[in-house]
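A closer look at the structure
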Amino acid sequence: GQSLEQPSEVTAVEGAIVQINCTYQTSGFYGLSWYQQHDGGAPTFLSYNALDGLEETGRFSSFLSRSDSYGYLLLQELQMKDSASYFCAVRDQRETGANNLFFGTGTRLTVIP
Amino acid sequence: EAGVAQSPRYKIIEKRQSVAFWCNPISGHATLYWYQQILGQGPKLLIQFQNNGVVDDSQLPKDRFSAERLKGVDSTLKIQPAKLEDSAVYLCASRGYEQYFGPGTRLTVT
């Protein structure tokens with residue numbers, strides 16, 4: 001099966017930098033995705049890492065270490081609108097051949113003034 | 001480009017009743033997913049379609065849940081009969097480069 005661990009809650013100050021860690025266990029690992037979800041909203045795609053290293057998209061960056069089964073999402077210059085839940089999800093090649101996402105339980109980020 | 005559409009947005013039913021949800025994916029997306037998201041948890045995959053065929057339904061409770069995608073575009077997910085523990089948001093997603101989610105249907109079973 002699959003398992004993912006990420007902190008349940010993080011609080012950070014507006015303008016600061018925050019890092020949300022994710023460790024995973026799975027077979028048939030393809031890559032790690034990050035999604036943002038505001039209360040009552042749909043998950044929205046942020047980033048995807050298939051290879052080791054850092055991917056940067058504007059204020060958001062994501063890192064993957066396949067050997068450590070570890071990744072993180074880095075949010076810079078935090079804004080109040082970044083308050084949301086952030087999910088890591090492993091893309092997994094199952095026995096069925098399906099290439100699916102398996103989500104962690106999410107990290108609730110609260111940005112304070 | 002239009003996003004994934006779902007309806008209804010909210011539904012309240014009594015236990016043992018049946019309910020159906022509808023999803024229209026992004027145009028051209030062959031792969032469609034249904035997820036269940038219980039409050040405070042991440043989305044959990046229920047079923048994956050590729051065009052009108054089921055690729056993975058290993059986590060679908062088949063005694064009460066069913067889903068179809070007859071023409072390879074729209075999809076419906078049905079629960080019959082519903083239980084209290086089915087209260088959740090049901091999300092539909094379709095895949096291009098990544099998975100794109102619809103707004104979900106919030107189901108409350110009383």
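You'll find the structure just up there.
Report on the accompanying structure. (Residues numbered from 1 in each chain as written. Chains lettered and ligands numbered in written order. Predicted model: local features only at pLDDT ≥ 70, side-chain atom pairs only at ≥ 80, totals over all residues. Heavy atoms only, no water.)

Residues and elements named next belong to chain A. The strand order across the open sheet built from 5 strands is β1-β3-β8-β7-β6, with neighbouring strands paired in antiparallel fashion. Of all strands in the sheet, those with a lone pairing partner are β1 (3-5) and β6 (53-57), marking the two edges. The sheet shows a mean angle of 20 degrees between the axes of neighbouring strands, taken without regard to direction. Looking at chain direction, strand β3 (residues 18-25) and strand β8 (residues 70-75) are connected through 6 bridges and run antiparallel. Bridge pairing in β8 places Q19 opposite L74. (Pairing = 2+ DSSP bridges. Helix = DSSP H or I, 4+ residues; strand = E, 2+ residues; numbered from the N terminus. Axes fitted to C-alpha atoms, helices over the stretch in contact; angles between N-to-C directions.)

The subject of this paragraph is the packing of aromatic side chains. Enumeration according to the criterion identifies 14 aromatic pairs over all chains in this entry. An aromatic cluster of at least three residues, connected via ring pairs, comprises A:Y35, A:F45, A:F87, A:F103, B:Y33, B:Y35 and B:F101. One residue, A:R91, lies across the ring of A:Y48, its end atom 4.3 Å from the ring centre. (Phe/Tyr/Trp six-rings, centres within 6.5 Å; stacked < 30°, edge-to-face > 60°. Lys NZ or Arg CZ within 6 Å of the ring centre and 35° of its normal.)

What follows deals with the environment of A:P43. With respect to the helices and strands, A:P43 occurs in the loop between β4 (29-37) and β5 (44-49). Along the sequence, A:P43 and A:T107 sit 64 residues apart, while their C-alpha atoms lie 13 Å from each other. Aside from chain neighbours lying at most four places away, what touches A:P43 is A:Y35, A:Q36, A:Q37, B:P43, B:L91 and B:F101. (Contact = heavy atoms within 4.5 Å.)

Opposite the 20 residues of chain A that make contact, chain B presents 23 residues. Carbon and sulfur atoms supply 48% of the area buried between chain A and chain B, which totals about 1600 Å² over both sides. Between the two partners, chain A and chain B, sit 1 salt bridge. For B:E98, the salt bridge identified is with A:R91, shortest N-O distance 2.6 Å. Of all the secondary structure elements, the ones that give two or more residues to the side of chain A that touches chain B are β4, β5, β9 (84-93) and β10 (99-103) of chain A. It is β10(A) that provides the largest number of residues to the side of chain A that touches chain B, a total of 5 residues. (Buried area = accessible area lost by both parts, 1.4 Å probe. Salt bridge = Lys/Arg side-chain N within 4 Å of Asp/Glu carboxyl O.)

Residue and element names in this part refer to chain A. In the structure shown here, the tally under the stated rule is 2 disulfides over all chains. At a sulfur-sulfur separation of 2.1 Å, the disulfide partner of C22 is C88. Its S-S torsion of about 75 degrees marks the bond between C22 and C88 as right-handed, since a negative value means left-handed. Here C88 lies in strand β9 and C22 lies in strand β3, a separation of 66 residues in the sequence. (Disulfide = S-S within 2.5 Å.)

This paragraph deals with the nonpolar core. Soluble globular proteins: nonpolar side chains tend toward being buried together. Grouped together as the largest cluster of nonpolar side chains are 23 residues, with contacts concentrated most on A:L32, A:W34, A:L75, A:Y86 and A:L109. Elements that contribute at least two residues to this core include exactly β2 (9-13), β3, β4, β7 (60-65), β8, β9 and β11 (107-112) of chain A. Once residues within four sequence positions are removed from consideration, A:L75 is found in contact with A:A16, A:I17, A:V18, A:I20, A:R59, A:F60, A:D82, A:Y86 and A:L109. Among the nonpolar cores identified, the runner-up in size contains 21 residues, and B:F49, B:L60, B:L77 and B:Y90 belong to it. (Core = buried A, V, L, I, M, F, W, Y, C linked by side-chain atoms within 4.5 Å. Buried < 20%, exposed > 50% of the residue type's maximum accessible area, 1.4 Å probe, protein only.)

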